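Read off the chains here:
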Amino acid sequence: MPDGSSDFGHLPVLLDRCVALLAPALTRHHSDGSGAILVDATLGAGGHAERFLTEFPGLRLIGLDRDPSALDIARGRLARFADRITLVHTRYDGLPTALTESGYAATESVDGVLFDLGVSSMQLDRAERGFAYAQDAPLDMRMDPESPLSAADILNEYDEKALAGILHRYGEERFARRIASHIVRRRAQAPFTSTAELVELLYQAIPAAARRTGGHPAKRTFQALRIAVNDELNSLSGALPAALDALTGLGRIVVMAYQSLEDRIVKRVFADAAASRTPPGLPVELPGHEPRFQLLTHGAERADAAEIERNPRSAPVRLRALQRVGKGES
């Protein structure tokens, strides 16, 4: 059975667990998934999609990705399923439009939704994309190369206060102000053009004692710039409610986050969705006020040691899942 470890440079994270969680929603009517619709909102190289399409030969899949090169790779990988897939170039908060343009309603029309958040292995491994601090490359970091804003634009054009805010808010960088000050002084001599220039500056800006703990000194700054360039948190905040609205009765959603800022958003949206809507102080659920969703995971699930050894990029994953409550199921 495909596990995503072929020639596509991408090993899907928690693949078996994703299948186990979504399968009950996809096979409610037919064991082969006939009549079911799955939205892969972060298609990437298509590793998760390939497994679902293989395991459920009646399933229809709508795959979204903002990266045209990822869509091209996935289209080739999934070519044998061409009559059962629809691929859409969009951010994941474009899910409602993607559904309507694909011939489905934006609400209560799909059985499963999968989000595998963050930067993909393909993007990290392609030095020219500028996502990785370990390789010198242009300061790009755009998931969609057609987007107008790059990391270089932020570094060279934003004022010191805005830079510090981005580093603190999206990178949780405690030396945000210090780094922003160094950036402004450095760019006055020459604009930033490469990741190596930024990494060199970070080694200078972060105190030596702090560089010896907490991982690579560029990790938090690169995360912050990537999130800002791609507007990731705002996109996620808009995408999750739209995905919940899109689910049919007993439909399920699985979200995998790789850093705490994403996971906090997922946790909050899921907790709100699963909360009782009965006014405070009343002892029983009032008709029409029952929870609309129920949590399928207790807290966030993590990859086990075996998976992390096989796929080190699964180490930070936090998986959460939710199911829409059907009539009589609350």
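In this text the structure is predicted, and so the values were computed from the model without any measurement.

A.B. asks: I'd like to hear about the UniProt feature "binding site: S-adenosyl-L-methionine" (unreviewed entry) in the chain, residue by residue, with values.
C.D. replies: As recorded in UniProt, the feature "binding site: S-adenosyl-L-methionine" (unreviewed entry) lies at Gly46, Gly47, His48, Asp65, Tyr92, Asp116 and Gln123. Summarising the element assignment, Asp116 is placed in strand β4 (residues 110–116). Among all residues touching Asp116, those that are not within four sequence positions of it are Thr42, His48, Met256 and Tyr258.

A.B. asks: Residue-level account of the pattern of salt bridges, with values.
C.D. replies: Counted according to the given criterion, the structure contains 15 salt bridges. The shortest N-O distance in the salt bridge between Glu172 and Arg264 comes to 2.8 Å. Of this pair, Glu172 sits in the loop between α7 (160–171) and α8 (176–187) while Arg264 sits in helix α13 (residues 260–274); the two residues are 92 residues apart in sequence, bridging distant segments of the chain. By relative accessible area, Glu172 is classed as partly exposed at 38%. Taking the relative accessible area as the measure of exposure, Arg264 reaches 46% and is therefore partly exposed. Within this structure, Asp16, Arg51 and Glu55 form a network of salt bridges that share partners.

A.B. asks: Residues and numbers for helix α2 (residues 47–55), please.
C.D. replies: Summarising burial for α2: seven of the nine residues are buried, a large majority. Residues Gly47, His48, Ala49, Glu50, Arg51, Phe52 and Leu53 constitute the buried set of α2.

Rules used in this analysis
Residues numbered from 1 in each chain as written. Predicted model: local features only at pLDDT ≥ 70, side-chain atom pairs only at ≥ 80, totals over all residues. Heavy atoms only, no water. UniProt positions renumbered as here; feature names shortened; annotations may be inferred. Helix = DSSP H or I, 4+ residues; strand = E, 2+ residues; numbered from the N terminus. Contact = heavy atoms within 4.5 Å. Salt bridge = Lys/Arg side-chain N within 4 Å of Asp/Glu carboxyl O. Buried < 20%, exposed > 50% of the residue type's maximum accessible area, 1.4 Å probe, protein only.

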